[in-house]
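# Structural overview for review
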Amino acid sequence: MDGSETVRKIIHIDMDAFYASVEQRDNPDLRGKPVAVGGSRQRGVVAAASYEARQFGVRSAMSSQLALRKCPDLIFVKPRFDTYKAVSLQIRGIFAQYTDLIEPLSLDEAYLDVTSNFKNLPSATRIAEEIRAAVREQTGLTASAGVSYNKFLAKLASDYRKPDGLYVIKPSQGPAFVEKLEVGQFHGIGRVTAEKMNRMGIFTGLDLRGQSEEDLRRHFGKAGSFYYHIARAVDNRPVTPDRIRKSIGSENTFDHDLTEPAELAEALQPLIESVWRIGGRYQVIGRTVTLKVKYADFEQITRSRTAFSPVTQAEVFERISHDLLTALLPVPKGVRLLGVTLSNLEPIDESPGHQLVLPF
Amino acid sequence: MKFIVSSSVLLKQLSAINGVVATNPIVPILENFLFKVDSDREGGPILTATASDLQTTMITNIAVESSESGSIAIPARLLLDTLRGLPEQPITFHVDTETFGTQILTDNGRYKLSGENPIDFPKIPSVNRSLAVELSSDSLLSAINNTVFATSTDDLRPAMTGVYLQLTSANATFVATDGHRLIRYRRLDINSPSDSTMIVPRKALTLLKASLPEGVPVKAEFSQSNASFTFGNTQMICRLIDERFPDYENAIPVNNPNVMTIGRTDILNSLKRIMIYANRTTHQIRLSLESNSLTISAEDLDYSNEAKEKLLCDYDGDNMEIGFNAKFLTEMLGNLSCKMLSFELSAPNRAGLIIPADKEENEEILMLVMPVMLNTYA
């Protein structure tokens, strides 16, 4: 760390098996049993798994069928997002008593910068303990917390003693902590990148630190610099409240693989409508439309088009999406999943009650 | 210096130019009228009274009896208050050009005012190498009345704080906008020897409106930086706004397939009633259009007030709902004098046009107003 700057105090709070825990809290019959939130249908996916289910190897994002094979007694519960959202708000209310530098990553996860905090508490660890206690008391759920001097380490720390744990990585321990990690455990290094690193002989944080920034940039582009720094436990990304949405997407895995152009077009339509509706809710318009196609053999491709100016009309958005699909026809193999994403977003100031202005 | 003048004529003429005098001017001398007497003028002695705020200057000429020429700056407020209280009579001004002390003698009184050195009064700009246009005060008044209310008060957009004037050999177009609405008012009976455009400040036009009599000829002159309007014994000179006016023509939507024609007073009166129930800050009302019926409604969710009226109209277009600020609409409709008017619309988030259906001779009016978004997302 640069000695001239004050060392930041970042907390990463992560609710334990959030959706599944909410379900177990609200339905005593589910307690102590393997529970998966998600669809049990033929091609459903596990959105969250209780710790009991995790013992059988059930993980989130796993196909429901595989999950059932791993844990035949698995109980599937339909997600209740409104409830999760309400609990999430409750938790954010607790965070807000300490700082307004809160960066939610999802309903169940957030970074807090408590370097200076409303209660003038000198210890971030104490704050993390208070928050965990308040969450338990007010929601009946458990949260894990990681405390450190940057976001990267705080997130690693919250994972370290999960569930219902707290772990602190002090500035003196940061580099050593990273050293031992396998690259696949780094947040921001996915499976594919990890494999590529392994092929290059990079297995641990220590190996990663041995690489020059130039080499990493050459192999991994812009992300290379990020890897170079996190290998040294350096991460200067600030905690940014109200993270702006970067894209809006909607995708669907179909009950059976689709091949017919008419079927595909029909399947695309609800995704287009859903994205447009979400855009309306967030009052944003975008310039880039991306179509994602996953084939039956799990090969995945994306095609995108960026308009000269933001797409303001539903028909234009619809047309671009269908054009992207048409360009891929006829499909070489069955299509398992279609997704539409709108990105390069900007706000539309057309919220209710807003007086529109002339375009000059 | 000494001169004699009718109290009521003086009051009338000074009142016509008094609007320029600011209550708290940048330079204190501007709290005065500049009086200048020319006793040697052909056609008899004359008093030239000038008021200015540096941007705008108004000058008026009044016939007096005098054998001496000279100048004095005289406190505007004090003098006008005095004149307002006097019955009609000839009054005599005695000015000591050394001390600038001034005495007004009436039938049975004597009033002493301390004037100021006329040298300190700012020089009046002259409108040189100008373009001259003759027009009637009625056309000018009508143009001002139809546009000036829609100018902006936002000093960050100085171009929009005035009325844009486009002169051609065929007509004169007056345009005003505050960014939410726009008025394009065209006079076919005003034409110019050469094409020219300028932005006349709102204050100058408001003053003109207050002092311009009906049915008199007006001579308008424009130079690069100033405009002058002369009518009767009075002249107004103002500095033009040296800014680029927004490209307004491109903001006027061309394709508006949904057209409603309705009686102006019908919709105006309905709007005034419904508006009472609208949110006090947004003044948002909703127009719901279906075949030959218009429903105007408003609700203020904070107080759970709501109102709704259904009017007959002639409507050709898709069923649609569009929100507007009722204050804008009533102001715009109230400024029109036509019996019937048309609303031309395309979409709830696109500008609406208001166009009189029965046209007055020599004028063309187009009003544009931006909608307020309703709480439905299309």
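This structure is a prediction, so every number in the text was calculated from the model and none was measured. Going along each chain's sequence as written, the residues are numbered from 1 onward. Note on labels: chains are lettered from A, ligands numbered from 1, in written order. Only residues with pLDDT of 70 or above have their local features reported here, since the model is predicted, and side-chain atom pairs are shown and tallied only from 80 upward, although totals for entire chains, interfaces and linings are computed over all residues. Values shown for side chains rest on all heavy atoms present in the structure; no hydrogens or waters enter the calculation.

## Comments concerning the interface of chain A and chain B
Heads up, the rule is: Any two residues whose heavy atoms approach within 4.5 Å are treated as being in contact. Buried area is a sum: the accessible area each of two parts loses on coming together, probed at 1.4 Å, counted once for each and added. In what follows, salt bridge is the name for a side-chain nitrogen of Lys or Arg lying within 4 Å of a carboxyl oxygen of Asp or Glu. For the purposes of these results, a polar contact is taken to be a pair of N or O atoms within 3.5 Å, where, inside protein, one atom must be able to donate a hydrogen and its partner to accept one; residues adjacent in sequence count only when each atom of the pair is a side-chain atom. In this classification, Asp, Glu, Lys and Arg are treated as charged, Ala, Val, Leu, Ile, Met, Phe, Trp, Tyr, Cys and Pro as nonpolar, and every other residue, Gly included, as polar.
Counting residues at the interface gives 17 residues for chain A and 26 residues for chain B. The contact between chain A and chain B buries some 1,600 Å² in all, and 64% of this surface belongs to carbon and sulfur atoms. Of all residues in chain A, Gln355(A), Leu358(A) and Phe360(A) bury the most surface against chain B, accounting for 43% of the area lost on that side. Run the count over chain A and chain B and you get zero salt bridges. Counting every contact that joins chain A to chain B gives two residue pairs in polar contact (both at pLDDT 80 or more). By residue class, the composition of the side of chain A that touches chain B is eight nonpolar, eight polar and one charged.

## Considering the confidence of the model for chain B
Formally: A residue's pLDDT is simply how confident the predictor is in it, with values from 0 to 100.
On average, residues of chain B carry a pLDDT of 92, and 98% of them reach 70 or more. For this predicted complex, the interface score ipTM comes out at 0.76, while the overall pTM is 0.56.

## Focus: the packing of helix H4 (residues 81-95) of chain A against helix H5 (residues 124-139) of chain A
Residues and elements named next belong to chain A. To keep things clear, this is the line we draw: For helices, the fitted axis covers only the stretch in contact; all axes are lines through C-alpha atoms, and the angles between them, taken along N-to-C directions, range from 0 to 180 degrees. Put simply, DSSP H or I for four residues or longer makes a helix, DSSP E for two residues or longer makes a strand, and each gets a number counted from the N terminus. Crossings are sorted by hand: turned counterclockwise from the far helix by less than a right angle, the near helix makes the crossing left-handed, and turned clockwise it makes it right-handed.
Two elements in contact, H4 and H5, have axes separated by 10 Å at closest approach and are oriented at 145°. The element H4 and its partner H5 pack so that their crossing is right-handed. Where H4 approaches H5, its residues Val87, Gln90, Ile91, Ile94 and Phe95 are matched on the opposing element by Ile131, Ala134, Val135, Gln138 and Thr139. Among the residues forming the contact of H4 with H5, the class breakdown is seven nonpolar, three polar and no charged.

## Overview of the environment of Ile267(B)
All names here are of chain B. Inclusion rule: Burial classification: accessible surface area is computed with a 1.4 Å probe over protein chains only, and a residue below 20% of its type maximum counts as buried, one above 50% as exposed, and the rest as partly exposed.
Among the structural elements, Ile267 can be located in helix H5 (residues 264-275). Overall, the relative accessible area of 0% leaves Ile267 in the buried class. Through-space distance from the C-alpha of Ile267 to that of Lys310 is 10.0 Å; in sequence the pair is 43 residues apart.

## Description of the sheet that holds strand S13 (residues 335-343) of chain A
Residue and element names in this part refer to chain A. We count it as follows: Should DSSP find at least two bridges between two strands, the strands are taken to pair.
Taken in spatial order, the four strands line up as S9-S13-S11-S12 in an open sheet, and their pairing is antiparallel. Both edges of this open sheet fall to strand S9 (247-258) and strand S12 (300-306), since each of them pairs with a single strand only. Averaged over neighbouring strand pairs, the angle between their axes works out to 15° when direction is ignored. In this structure, strand S11 (residues 288-295) lies alongside S12, joined through seven bridges in antiparallel fashion. Residue Thr290 lies in a different strand from S12, and its bridge partner there is Ser304. The strands touched by helix H13 (residues 314-326) are S11, S12 and S13; relative to S11, the strand with the most contacts, the crossing angle is about 40°.

## Points about the pattern of salt bridges
Any two side chains of opposite charge can pair, on the condition that their charged atoms come close. A full pass over the atoms with the stated rule returns 30 salt bridges over all chains. Between Glu109(A) and Lys155(A) there is a salt bridge; the shortest N-O distance is 2.7 Å. One end of the pair, Glu109(A), is in strand S6 (residues 109-113); the other, Lys155(A), is in helix H6 (residues 151-160), with 46 residues separating them in the sequence. Pair check on accessibility: Glu109(A) and Lys155(A) agree, each one buried. Residues Lys219(B) and Glu221(B) are paired through a salt bridge, measuring 3.9 Å at the closest nitrogen-oxygen approach. For Glu221(B), a relative accessible area of 16% corresponds to the buried category. Counted as one network, the salt bridges with shared partners bring together Glu23(A), Arg25(A), Asp26(A) and Arg80(A).

## Concerning the packing of aromatic side chains
Geometrically, a pair of aromatic rings is defined through the distance of the ring centres and the angle of the planes. Quick reminder of the rule: Centre distance within 6.5 Å is the pairing criterion for rings of Phe, Tyr and Trp, where only the six-membered ring of Trp is used; planes under 30 degrees apart are then read as stacked, over 60 as edge-to-face, and the remainder as tilted. Charges are assigned to positions over rings by a cutoff of 6 Å between ring centre and Lys NZ or Arg CZ, combined with an angular limit of 35 degrees from the ring normal.
Applying the stated rule across the entire model yields 21 aromatic pairs over all chains. Measuring from ring centre to ring centre gives 6.4 Å for Phe33(B) and Phe35(B), while their planes differ by 15°; the resulting arrangement is stacked. An aromatic cluster of three or more residues is present, and its members are Phe18(A), Tyr19(A), Phe81(A) and Tyr84(A). Above the plane of the ring of Tyr51(A) lies Arg54(A), whose end atom (NZ or CZ) is 4.6 Å from the centre. When the ring centre of Tyr228(A) is taken as origin, the NZ or CZ atom of Arg232(A), which lies over that ring, is 3.8 Å away.

## Re the side chain of Asn171(B)
You can see Asn171(B) is positioned in the loop between strand S11 (162-167) and strand S12 (172-177). A relative accessible area of 14% places Asn171(B) in the buried class.

## Concerning H13(A)
Put simply, the rule reads: Take the number of residues in a helix, subtract one, and multiply by 1.5 Å to get its expected span.
Between its first and last C-alpha atoms H13(A) spans 18 Å; for 13 residues at 1.5 Å apiece the expected length is 18 Å, and the two agree. Among all positions in H13(A), only Phe317(A), Ile320(A), Ser321(A), His322(A), Leu324(A) and Leu325(A) are buried.

## What about the packing of helix H1 (residues 18-26) of chain A against H4(A)?
All names here are of chain A. Spelled out, the test is: An angle below 35 degrees is read as roughly parallel, one above 145 as roughly antiparallel, one from 65 to 115 as roughly perpendicular, and any other as oblique.
Two elements in contact, H1 and H4, have axes separated by 10 Å at closest approach and are oriented at 100°. Between H1 and H4, the crossing angle belongs to the class labelled roughly perpendicular. On the side of H1, the interface is formed by Phe18, Tyr19, Val22, Glu23, Arg25 and Asp26, while H4 contributes Phe81, Thr83, Tyr84, Val87, Ser88 and Ile91. Along the lines of polarity and charge, the residues of the contact of H1 with H4 split into seven nonpolar, two polar and three charged.

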